[in-house]
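Structural overview for review
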Amino acid sequence: MNHSERLFSKAQRYIPGGVNSPVRAFRGVEGTPLFIRSGKGAYITDVDGKHYVDYVGSWGPLIVGHAHPYVIKAVKKVITSGVSFGAPTEIEVKLAERICHLMPSIELIRFVNSGTEAVMSAIRLARGYTCRQKIIKFSACYHGHTDSMLVAAGSGGLTFGIPNSAGVPESVALHTLVAEYNCLDSVKALFEKVGDDVAAVIVEPVAGNMNCVLPKAGFLSGLRKLCDTYGSVLIFDEVITGFRVALGGAQTYYDVKPDITILGKIIGGGFPVGAFGGTKDIMECIAPLGPVYQAGTLSGNPVAMTAGLATLDLVSEAGFYPRLEARLQILINGLGELAKQYGLPFFATQVVGMFGLYFTENDTVETEADVKTVDVALFKRFFHAMLKEGIYLAPSAFESGFISSVHGEKEINQTLQAAERVFRSLASMR
Ligand SMILES: *Cc1c(COP(=O)(O)O)cnc(C)c1O
């Protein structure tokens, strides 16, 4: 047994499944999760001392890499002055001001402690603002684990939702309507049925929780139009895409303005954080200004705010996103060429700093059904072989990958050389 295996077996005695978030348990790829000892730049080191090029980046927040000196210096400085006060601090105003300037649709913003919490609050806000009950979400889009969002498309899914977790009351789930990502007609059909009771449409502008699926041209703007027609609130869940695909998020990249934006991950620089923001009109419904209640003991925590602000300083540097995009493009193109060379069924997507790898015969991936064509067994073999080569990818065939600004030529080359050996061996086994 190595040290990770020993720790995992001990963890399972005290923590359900040995983990504090299910995908970490490696159930999607089998085997034992790595326990991580440290991270520096593009690399993580596990408790057995092995180094890996990291393409998870704590599931997105670490866009400037692990333990970036600028971020760590800022955090160290603030942490010695006390870590929480339950009272306003200057740093949260600075981060709020910065985000309002950078995100076109945000006039007022409130900070919370996770993406889940931000979604939960934004949905309550949309309902309070519109005095309506129903929420339209998309099948296989993830918005955290609040009750009303743990609903996927079942067979009856196109009308009334069926919860996909135990413990979600039917009376809650029935207010969640499920549409098909990249299919405007499925949204229109719901609006035609119950449009006058739709409080909000919530969408990941780039679907980053069913691998990485890009919005088709006209999809996001079509949602905007439908929401305007029916007087519903359009919510972009930019927990992943915010500051990942552009300084102004996916709303800038695709030029569609939501009414409410959900943020998380990058704006905490690796610390627990979430936020929701939008137009004054809507945001003024929140307590203490309005009747929609929302609160948080640790919200706007100075350490998290500091790490977030430092990270935003770094991504605001000229040329940050074009560099990130170009670097990742070399990797994605390289993988595509290698797969072709070895005759493996392979397709990849990229939006600036995020990507999706698919072992599929499809030459496009636009819908959940397309995503499901992937050869999961082949992905598992690929994942474990890459891990052995020192490349740490998300332990599931259905997650996005993330690159950081400190993934350099060296790391990309190392990854492509590993992929060449792995693809060659996978091809010989087929
Ligand atoms: C990660 C994620 C969330 C949930 O954020 P947590 O901080 O894990 O609660 C919500 N929406 C999207 C799109 C996410 O990727």
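Source: prediction; values computed, not measured.

So, the domain arrangement of the protein chain
It is common to give the size of an interface as the accessible area that goes away when the parts come together. Its domain assignment divides the protein chain into domain 1 (3–67 + 319–428) and domain 2 (69–315). Computed over C-alpha atoms only, the centres of domain 1 and domain 2 are separated by 26 Å. In this assembly, 33 residues from domain 1 lie in contact with 33 residues from domain 2. In total, about 2600 Å² of surface goes out of reach between domain 1 and domain 2, with carbon and sulfur atoms giving 60% of it. Looking only at domain 1, the three residues that lose the most surface to domain 2 are Tyr-321, Val-351 and Glu-368, adding up to 23% of its buried area. On inspection of domain 1 and its partner domain 2, the count reaches 1 salt bridge. Taking the shortest distance from any N to any O, the salt bridge between Glu-366 and Lys-216 comes out at 3.7 Å. For the pair domain 1 and domain 2, the number of links is 13 residue pairs in polar contact (both at pLDDT 80 or more).

Observations regarding unusual backbone geometry
Among all residues except glycine, the phi angle is most often negative; among peptide bonds, the trans geometry is most common. Here the residue pair Ala-287 and Pro-288 is connected by a cis peptide bond, since its omega of 10° sits within 30 degrees of zero. Positionally, Pro-288 belongs in the loop between α9 (280–283) and α10 (302–315). Phi at Ala-140 takes a positive value of approximately 70°, unusual for a residue other than glycine. Looking at the element boundaries, Ala-140 is found in the loop between β5 (134–138) and β6 (151–152).

Structural notes on the site of the ligand
Taken together, Ser-114, Gly-115, Thr-116, Tyr-142, His-143, Gly-144, Glu-204, Asn-209, Asp-237, Val-239, Ile-240 and Lys-265 make up the full set of residues adjacent to the ligand. Here an oxygen atom of the ligand and a side-chain polar atom of Thr-116 are 2.7 Å apart. At 2.6 Å, a side-chain N or O of Asp-237 approaches a nitrogen atom of the ligand. Bound to the protein, the ligand loses 83% of the 380 Å² it would expose on its own. A class-by-class count of the residues in the shell around the ligand yields 3 nonpolar, 6 polar and 3 charged.

Details of the sheet that holds strand β2 (residues 43–46)
The mixed open sheet is built from 4 strands, whose spatial order is β1-β2-β3-β15. Strands at the two margins of the open sheet, each flanked by one partner only, are β1 (36–40) and β15 (391–392). Sheet topology places β1 next to β2; 4 bridges connect them, and they run antiparallel. Bridge assignment links Lys-40 to a residue of β2, and that residue is Tyr-43.

Focus: the pattern of salt bridges
In total, this model carries 11 salt bridges according to the counting rule given. Between Asp-313 and Arg-98 there is a salt bridge; the shortest N-O distance is 2.8 Å. Of this pair, Asp-313 sits in helix α10 while Arg-98 sits in helix α3 (residues 90–102), and the two are 215 residues apart along the sequence. Taking relative accessible area as the criterion, Asp-313 reaches 26% and is therefore assigned partly exposed. With a closest N to O distance of 3.0 Å, Asp-259 and Arg-224 form a salt bridge. Taken together, the residues span a long stretch of sequence, with Asp-259 in the loop between α8 (249–253) and β11 (260–264) and Arg-224 in helix α7 (residues 219–230) at a distance of 35 residues. Take Arg-224: its relative accessible area is 15%, and that puts it in the buried class. Counted as one network, the salt bridges with shared partners bring together Arg-224, Asp-228 and Asp-259.

Topic: helix α13 (residues 376–388)
The end-to-end C-alpha distance of α13 is 18 Å, a good match for the 18 Å that 13 residues give at a rise of 1.5 Å each. All of the buried residues along α13 are Leu-378, Phe-379, Phe-382, Phe-383, Met-386 and Leu-387. For α13, the angular spread of the buried residues around the axis is 165°, confining them to a single face. Contact partners of the buried residues in α13: β3 (51–54), β14 (354–358), β15 and α14 (409–429). You can read the cap of α13 off the contacts: a side-chain oxygen lies 3.2 Å from the backbone nitrogen of Ala-377, and it is on Asp-375. Of the residues trailing α13, Gly-390 is marked for its positive phi of about 90°.

Things to note about the sheet that holds strand β16 (residues 401–402)
Taken in spatial order, the 3 strands make up an open sheet running β13-β14-β16, and their pairing is antiparallel. Strand pairing shows two members of the sheet lacking a second neighbour, β13 (347–351) and β16, which therefore form its edges. Seen against the sheet, helix α11 (residues 320–341) touches β13 and β14 and runs at an angle of roughly 175° to β13.

Notes on the environment of Thr-241
Summarising the element assignment, Thr-241 is placed in the loop between β10 (233–237) and α8. Given a relative accessible area of 1%, Thr-241 falls into the buried group. In the structure, Thr-241 is positioned 111 residues away from Val-352 in sequence and 9.7 Å away in space, judged by C-alpha atoms. Setting aside chain neighbours within four positions, we find Thr-241 in contact with Pro-205, Val-206, Gly-249, Ala-250 and Met-354. Looking at Thr-241, its side chain comes within polar contact range of the side chain of Glu-238, at 2.7 Å.

Side note on the side chain of Ser-148
Within the secondary structure, Ser-148 sits in the loop between β5 and β6. Apart from the residues within four sequence positions on either side, Ser-148 is in contact with Ile-123, Val-172 and Thr-176.

Brief notes about the packing of aromatic side chains
Two descriptors summarise a pair of aromatic rings, namely the distance from one centre to the other and the angle between the planes of the rings. Following the criterion strictly, the structure yields 18 aromatic pairs and no others. Ring centres 4.6 Å apart and planes at 20° place the aromatic pair Phe-191 and Tyr-230 in the stacked group. Highlighted residues: Phe-191 in helix α6 (residues 184–194) and Tyr-230 in helix α7, separated in sequence by 39 residues. In textbook terms, an aromatic cluster arises when at least three aromatic residues are bridged by ring pairs, as seen for Phe-26, Phe-346, Phe-359, Phe-379, Phe-382, Phe-383 and Phe-423.

Thresholds applied
- Residues numbered from 1 in each chain as written.
- Predicted model: local features only at pLDDT ≥ 70, side-chain atom pairs only at ≥ 80, totals over all residues.
- Heavy atoms only, no water.
- Domains from an automatic or database assignment.
- Contact = heavy atoms within 4.5 Å.
- Buried area = accessible area lost by both parts, 1.4 Å probe.
- Salt bridge = Lys/Arg side-chain N within 4 Å of Asp/Glu carboxyl O.
- Polar contact = N/O pair within 3.5 Å; in protein donor to acceptor, adjacent residues only side chain to side chain.
- Helix = DSSP H or I, 4+ residues; strand = E, 2+ residues; numbered from the N terminus.
- Near = heavy atom within 4 Å.
- Areas by Shrake-Rupley, 256 points an atom, 1.4 Å probe, with all protein chains shown as cover.
- Nonpolar A, V, L, I, M, F, W, Y, C, P; charged D, E, K, R; others polar.
- Pairing = 2+ DSSP bridges.
- Buried < 20%, exposed > 50% of the residue type's maximum accessible area, 1.4 Å probe, protein only.
- Expected span 1.5 Å × (residues − 1).
- Arc of directions from axis to C-beta.
- Axes fitted to C-alpha atoms, helices over the stretch in contact; angles between N-to-C directions.
- Phe/Tyr/Trp six-rings, centres within 6.5 Å; stacked < 30°, edge-to-face > 60°.

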